[in-house]
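Letter by letter, the chains look like this.
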Amino acid sequence: MSEHPEVAIYKAQGMGASSGFGAKVALVIVDFVVGFTDPAHFGGGNIGDAITATVPLLAHARAKGWPIAHTRVVYADDGSDAGVFTLKSPGLLKLTETSPLSQIVPELTPNPGELVVRKRGASAFFDTPLQGFLRFHGADTLVITGCTTSGCVRATVLDSMQNDFRTIVATDCVGDRALAPHEANLFDMGQKYADLMTSAQIMAQAG
């Protein structure tokens, strides 16, 4: 990602500092499900590349014994648990428990012991057991991957920071259906909510 032309404005206002790594890192993989690999449904852009880049990061996390959580958007078959989010994006109602579109992509299939979060909103934290899982496992630093950068990733990053987790976005492991929102949201998150690092940098620095 190239340096944003307005970075000087943020630096002058004291933004863009690093929160760094704490004592215990966890990996949160947001909504890398089949429906987000297909431009005919929810995908496109650089999401496929982000999934590919997440494969070695997930392997690293497993080898290091990090707590790992995956998320899926899941609604009831009859839409009875739908909310305003689905008024804005009615297509999300296709993401039911058994729909092929809502299944985690095969290359990132969860292992036993990894939390699979079913959510109905943008953030992985909202009305889910994610925070309890992370606290139970002693995590204080979250590495976040997934899609979309401007949507569910951003919402999860914001809630991560607001719940006082040091937050790191793996820049090559997040994707969006359109690249302009992807780039703009990475820049903004990096200035205010999270550190931006490549997966290679994360693996080199986080044991």
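In this report, we go over the structure that sits alongside the text. (Residues numbered from 1 in each chain as written. Predicted model: local features only at pLDDT ≥ 70, side-chain atom pairs only at ≥ 80, totals over all residues. Heavy atoms only, no water.)

As for the pattern of salt bridges
The final tally for this structure, using the stated rule, is seven salt bridges. Among the ionic pairs, arginine 118 bridges to glutamate 97, the shortest N-O distance being 2.8 Å. Of the two residues, arginine 118 sits in strand 3 (residues 115-119) while glutamate 97 sits in the loop between helix 3 (84-88) and strand 3, which places them 21 residues apart along the sequence. According to the relative accessible area criterion, arginine 118 is partly exposed, its value standing at 43%. Owing to a relative accessible area of 33%, glutamate 97 belongs among the partly exposed residues under this scheme. Within the structure, one salt-bridge network assembled from shared partners comprises Arg72, Glu97 and Arg118. (Salt bridge = Lys/Arg side-chain N within 4 Å of Asp/Glu carboxyl O. Helix = DSSP H or I, 4+ residues; strand = E, 2+ residues; numbered from the N terminus. Buried < 20%, exposed > 50% of the residue type's maximum accessible area, 1.4 Å probe, protein only.)

With respect to the packing of aromatic side chains
Taken as a whole and judged by the stated rule, the model has three aromatic pairs. Over the ring of phenylalanine 165 we find arginine 135, and its NZ or CZ is 4.0 Å from the ring centre. (Phe/Tyr/Trp six-rings, centres within 6.5 Å; stacked < 30°, edge-to-face > 60°. Lys NZ or Arg CZ within 6 Å of the ring centre and 35° of its normal.)

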